[in-house]
Amino acid sequence: MWPSTLAPREKLIALGPDALTDIELLALFLRTGTRGKHVLQFAEELLAEFGSFDKLMTADHQTLSATHGLGVSKCTQLRAIGEMAQRIFRSHLMREDAMTSPIMARRYLQQILVCREREVFVVMFLDNRNRLINHQELFQGTVNSVEVHPREIVRAALKINAAAIILAHNHPSGNAEPSRADREVTARVVKACLFLDIRVLDHLVIGAGEMVSFAEKGWL
């Protein structure tokens, strides 16, 4: 079935980038396929193997280099474009109110957390206009749990004079439904921050293609 009547580059020029499918976008980036395999077929197989752009772009070097058809050049380019996406999201959040750009904030956190094989607890530190100051991976755990210390979160927030924070962690199992422990630790963090006038704006639990917001659930 490959190649199509209109190559990705020509399609982009004629119709704009929004007209390209995920496969065509990736093919445009890869430029070439492998021996006996057109670049569009190669792109389709890569997306099927990894499951999504997020997982492909955030895969580590060992995983990428073990994938047939991805040499050193393509591996480094894929990792570079993943980092570029993170920096674009971060630059937007440093200029805009994170709570009025929830999609941007969530995409940023998904880029950081979606492919991690162990639970990682991230805190986004915001100024008094809810713009991103910095984010830190404060705690790392096992495949199904992570120990969180509210005192360390407060200490980190005070160190950079943060006025508000957004909490986030991943569930490597893929199920984003918060556990009882997730809700309990959130309550402890909120209580610790309350005495120092640090606002906890949200806690996001990230799974495979889904995310649960404590703020949207009315739990904050």
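Residues numbered from 1 in each chain as written. Predicted model: local features only at pLDDT ≥ 70, side-chain atom pairs only at ≥ 80, totals over all residues. Heavy atoms only, no water.

Attention now goes to helix H8 (residues 150–159). Buried residues of H8: Pro-150, Ile-153, Val-154, Ala-156 and Ala-157, and no others. Projected down its long axis, H8 shows its buried positions confined to an angular sector of 165 degrees, all on one face. Of the exposed residues in H8, the ones pointing more than 90 degrees away from its buried face are Arg-151 and Lys-159. Against strand S1 (120–126), strand S2 (132–140), strand S3 (164–170) and helix H9 (180–194) lie the buried residues of H8. (Buried < 20%, exposed > 50% of the residue type's maximum accessible area, 1.4 Å probe, protein only. Helix = DSSP H or I, 4+ residues; strand = E, 2+ residues; numbered from the N terminus. Arc of directions from axis to C-beta. Contact = heavy atoms within 4.5 Å.)

Moving on: the sheet that holds S1. The strand order S2-S1-S3-S4-S5 describes an open sheet built from five strands, whose pairing is mixed. One side of each edge strand has no neighbouring strand; the edge strands of this open sheet are S2 and strand S5 (211–213). Averaged over all pairs of adjacent strands, the angle between their axes in this sheet comes to 20 degrees, without regard to strand direction. With seven bridges joining them, S3 and strand S4 (residues 199–206) adopt parallel strand pairing. By the bridge assignment, Ile-166 is partnered in S4 with Asp-202. (Pairing = 2+ DSSP bridges. Axes fitted to C-alpha atoms, helices over the stretch in contact; angles between N-to-C directions.)

Time to look at the packing of H8 against H9. When two helices pack together, their arrangement is given by the angle between the helix axes and by the axis-to-axis distance. Across the interface, H8 lies against H9 with an axial gap of 9 Å and an inter-helix angle of 40 degrees. One way to sum up the angle between H8 and H9 is to call them oblique. Crossing of H8 against H9: the hand is right-handed. On H9, the residues touching Pro-150, Ile-153 and Val-154 of H8 are Arg-188, Val-189, Ala-192 and Cys-193. Residue composition of the contact of H8 with H9, grouped by class: six nonpolar, no polar and one charged. (Parallel < 35°, antiparallel > 145°, perpendicular 65-115°, else oblique. Left-handed = near helix turned anticlockwise from the far one by under 90°. Nonpolar A, V, L, I, M, F, W, Y, C, P; charged D, E, K, R; others polar.)

On to the side chain of Asp-202. Here Asp-202 shows up in strand S4. The class of Asp-202 is buried, set by a relative accessible area of 5%. A polar atom in the side chain of Asp-202 sits 2.8 Å from the side chain of Ser-213. Among the polar contacts listed, one links the side chain of Asp-202 to the backbone nitrogen of Phe-214, at a separation of 3.1 Å. If sequence neighbours within four positions are ignored, Asp-202 has contacts with Arg-106, Ile-165, Ile-166, Leu-167, Ser-213, Phe-214, Ala-215 and Leu-220. (Polar contact = N/O pair within 3.5 Å; in protein donor to acceptor, adjacent residues only side chain to side chain.)

Moving on, we get to the nonpolar core. Among the nonpolar cores identified, the biggest contains 18 residues, and Phe-121, Ile-153, Ile-165 and Leu-167 are the most heavily contacted of them. Elements with a contribution of two residues or more to this core: S1, H8, S3 and H9. The element contributing the most residues to this core is H8, with four residues. Once residues lying within four places of it in the same chain are set aside, the contact partners of Phe-121 are Gln-136, Glu-137, Leu-138, Phe-139, Val-146, Val-148, Ile-153, Leu-167, Ala-168, His-169 and His-203. Core analysis: the next-biggest nonpolar cluster, separate from the first, contains 17 residues, Leu-26, Leu-46, Leu-47 and Met-57 among them. (Core = buried A, V, L, I, M, F, W, Y, C linked by side-chain atoms within 4.5 Å.)

This part is about unusual backbone geometry. Not every positive phi belongs to a glycine, and Asn-161 is a case in point at roughly 60 degrees. Within the secondary structure, Asn-161 sits in the loop between H8 and S3. In this structure, Asp-197 is a non-glycine residue whose phi angle is positive, near 60 degrees. Relative to the helices and strands, Asp-197 is located in the loop between H9 and S4. Its relative accessible area of 64% is what places Asp-197 among the exposed residues.

Take the packing of aromatic side chains next. A complete count under the given rule lists two aromatic pairs for this structure. A cation sits over an aromatic face here: Arg-183 above Trp-219, 3.9 Å from the ring centre. (Phe/Tyr/Trp six-rings, centres within 6.5 Å; stacked < 30°, edge-to-face > 60°. Lys NZ or Arg CZ within 6 Å of the ring centre and 35° of its normal.)

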